[in-house]
Amino acid sequence: MGTGQVRWGRMSLICSSLLLLTSLAAVSAVPIDKDKAKVKVEPMEEEQKSQSADTGLFYDRYLREVVEVLETDRHFREKLQTADIEDIKSGKISKELDLVSHHIRTKLDELKRQEVARLRMLIRAKMDQGDDTGMDHRALLRQFEHLNQNNPHSFEPQDLDLLIRTATKDLENYDKTRHDEFKRYEMMKEHERREYLKTLDEEKRKEEEEKYEEMKKKHREHPKINHPGSKDQLKEVWEETDGLDPTDFDPKTFFKLHDTNSDGFIDEQELEALFTKELEKVYDPNNEEDDMVEMEEERLRMREHVMTEVDLNRDRLIDLQEFIRATEKREFLEPDGWETVADQPIYTEEELQEFEKQILQQEEELKRKADELYRQREDLQKQHEYIQAQKQELQQVVQQMEQKKLEQQQPVPPAVPDANFQQGGDQAVHLGSQQPLPPGHLPEAGVPQSHPVP
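Residues numbered from 1 in each chain as written. Predicted model: local features only at pLDDT ≥ 70, side-chain atom pairs only at ≥ 80, totals over all residues. Heavy atoms only, no water.

**Digging into the overall build of the protein chain**
Heads up, the condition is: Note on conventions: DSSP H or I runs of at least 4 residues are helices, E runs of at least 2 residues are strands, and numbering of each starts at the N terminus. When a residue's accessible area, from a 1.4 Å probe over protein chains only, is under 20% of the maximum for its type it is buried; when over 50% it is exposed; and in between it is partly exposed.
Counting its regular elements, the protein chain contains 20 helices and two strands. Across the 454 residues that make up the protein chain, the buried fraction comes to 35%.

Quick look at the structure:
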């Protein structure tokens, strides 16, 4: 096994197919449209595809980066190649961390510090949003089980042990979470249908009920579904997808063809790809009666069934020995019938009623919060109007004060003297400039002349 095949190999595979889980929201099928007998798969291309997959875990990036760093250490990589699955799950492999190089440990220390900082930031954001100032962020940090919070600065063997154990546990519960989400999806769909019927009159309601039953009947009218993992199902893939003669079917060759990354295992993604032909018999995205969310639930059920039957060591991987052993069982040659999602009840009427009760409670709570927000909005609007009025009044007062101040600073213009007053003044100035007269003398211009009396 080369370095490219080892990378993201044992560690990611042991962590419950770390890089191979797909999210519930993905509803498109995984097609197999190439002749695997003729096309050579490039390991690097497949490696990049695997690295792009998301586990769905909230610490997905941290887990990936730790795996990447550990895979670069030659000693640890060799231990992973030869390690038993139980040794890793029990934490025995974690002790090998003490033997990796100082450079690797330094990188792991930095990754842990970054992860602790990220978690603390999330906790602060949550506390700020809820205005929960009385909560202890250290206590909240302890709820995360994928690292040792008591030592936030260095990555120790205990951190690797916790990371493996937590990832394994969380990914094992991942399918259950997806089933629960699908169940809620189906109940919500039925709830909305019933609520819509309540808005119709009797005649329209009857038409809708008939249309609903007709669509269910039409959905069930599909070709026979081969039992997942049976010889008939695999031979159909062999013939229609791989383009090979069905009489030449060989389990060992089939395994190698569909181990697309050539790592010696058929993982969950590679296994789910084998069911595409069967799913296309039941689900067509162009048909109104076919629900693509139900198709992905069907794919999940098929994968779980085959893994239960074939994956003997429960590592969520199928090796060649397990695959060959499964083809030798009676169930492989003579399987029972396969019931689709539409053939069996997803929920009971009691569960639906309880779900609708919860929906009603949530709607009432949302209405209460909406009313409260509306009241707060009105209060804020009134406060805004009051503040605006005060602001406008203050601006007017300021303007008046500025205007008054400007008026006081302007200089008073000199008064313009009266014309007569100016003339008299000039004369006064003239007279003031003459020499004083002797007593008894008056100026001729200023004294009227007297005439003798006849």
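The structure having been displayed, the exposition proceeds.
**Side note on unusual backbone geometry**
With phi around 55°, S262 is a residue other than glycine that occupies positive phi space. Tracing the backbone shows S262 in the loop between helix 13 (251–258) and strand 1 (265–266).

**Topic: helix 12 (residues 231–241)**
For an α-helix, the turn length of 3.6 residues means that residues three or four places apart are oriented alike. Our working rule: Contacts are assigned to residue pairs that have any heavy atoms within 4.5 Å of one another.
Turning to helix 12, its buried residues are Q233, L234, E236, V237, W238 and T241. Contacts made by the buried residues of helix 12 are with helix 13, helix 15 (276–282), helix 17 (320–327) and helix 18 (330–333).

**Section: the pattern of salt bridges**
To keep things clear, this is the line we draw: Each salt bridge in this description consists of a side-chain nitrogen of Lys or Arg and a carboxyl oxygen of Asp or Glu lying within 4 Å of one another.
Per the counting criterion, the structure on display carries 37 salt bridges. The partner of E268 in a salt bridge is R303, with the nearest N and O atoms 3.5 Å apart. A residue pair is termed long-range when its members are at least 10 positions apart, and E268 in helix 14 (residues 268–273) and R303 in helix 16 (residues 292–310) qualify at 35 residues. Taken individually, E268 and R303 each receive the classification buried, so the pair is uniform in this respect. Taken together, the salt bridges that share partners define one network made up of D175, E268, E272, R303 and R316.

**Observations concerning helix 5 (residues 74–82)**
We count it as follows: When we speak of the arc, we mean the arc of directions from the helix axis to the C-beta atoms. In protein, a polar contact requires one atom able to donate a hydrogen and another able to accept it; more generally it is a pair of N or O atoms within 3.5 Å, and residues adjacent in sequence count only if both atoms are side-chain atoms.
Turning to helix 5, its buried residues are F76, R77 and L80. Buried residues of helix 5, viewed axially, fall in a sector of 100°; they line one side. More than 90 degrees from the buried face of helix 5, the exposed residues found are R74 and T82. The residue sitting at the N-terminus of helix 5 and contributing the capping side-chain oxygen is D73; that oxygen lies 3.3 Å from the backbone nitrogen of H75.

**A closer look at the nonpolar core**
Put simply, the rule is: Throughout, nonpolar core names a set of buried Ala, Val, Leu, Ile, Met, Phe, Trp, Tyr and Cys residues whose side chains join them through atoms within 4.5 Å.
Formed by 30 residues in total, the largest nonpolar core has its most connected members in V66 and L108. In this view, V66 contacts L108, L111, F155 and L163; residues no more than four positions away in its chain are not counted. With 28 residues, the next largest nonpolar core counts F249, F254, L271 and M292 among its residues.

**A few points about the UniProt feature "domain: EF-hand" (unreviewed entry) in the protein chain**
This is how the line gets drawn: UniProt positions are given in the numbering used here, feature names are shortened, and annotations may be inferred rather than shown by experiment.
Mapped onto this structure's residue numbering, the UniProt feature "domain: EF-hand" (unreviewed entry) falls at residues 246–281. From the first C-alpha to the last, residues 246–281 spans 20 Å; its make-up is 56% helix and 6% strand.

**Thoughts on the packing of aromatic side chains**
Which entries qualify depends on this criterion: Stacked, tilted and edge-to-face pairs are distinguished by plane angle, under 30 degrees for stacked and over 60 for edge-to-face with tilted covering the rest, among Phe, Tyr and Trp rings (Trp via its six-membered ring) whose centres lie within 6.5 Å. Two conditions define a charge located above a ring, namely a distance within 6 Å from the ring centre to NZ of Lys or CZ of Arg, and an angle within 35 degrees of the ring normal.
On inspection of all chains with the given rule, the structure shows seven aromatic pairs. Measuring from ring centre to ring centre gives 5.6 Å for F255 and F323, while their planes differ by 50°; the resulting arrangement is tilted. Of the two residues, F255 sits in helix 13 while F323 sits in helix 17, which places them 68 residues apart along the sequence. Across the pair, exposure class does not vary: F255 and F323 are buried alike. Within the aromatic cluster, the residues linked to one another by ring pairs are W238, F249, F254, F255 and F323. Across the ring face of Y212, the terminal group of R193 is positioned such that the distance to the ring centre comes to 4.0 Å.

**Looking at the packing of helix 10 (residues 174–198) against helix 16**
We count it as follows: To obtain each axis, a line is fitted to C-alpha atoms, and for helices this fit is confined to the stretch in contact; angles are then taken between N-to-C directions over 0 to 180 degrees. Note that the term roughly parallel is reserved for angles under 35 degrees, roughly antiparallel for angles over 145, roughly perpendicular for angles of 65 to 115, and oblique for everything else. Handedness of a crossing follows from how the near helix is turned relative to the far one, being left-handed for an anticlockwise turn of less than a right angle and right-handed for a clockwise one.
Relative to each other, helix 10 and helix 16 sit at 150°, their axes nearing to 11 Å. Considering the angle they form, helix 10 stands roughly antiparallel to helix 16. Here the hand of the crossing between helix 10 and helix 16 comes out left-handed. Residues D175, R178, H179, F182, Y185, E186 and K189 of helix 10 lie in contact with helix 16, whose contacting residues are V293, E294, E296, E297, L300, R301, R303 and E304.

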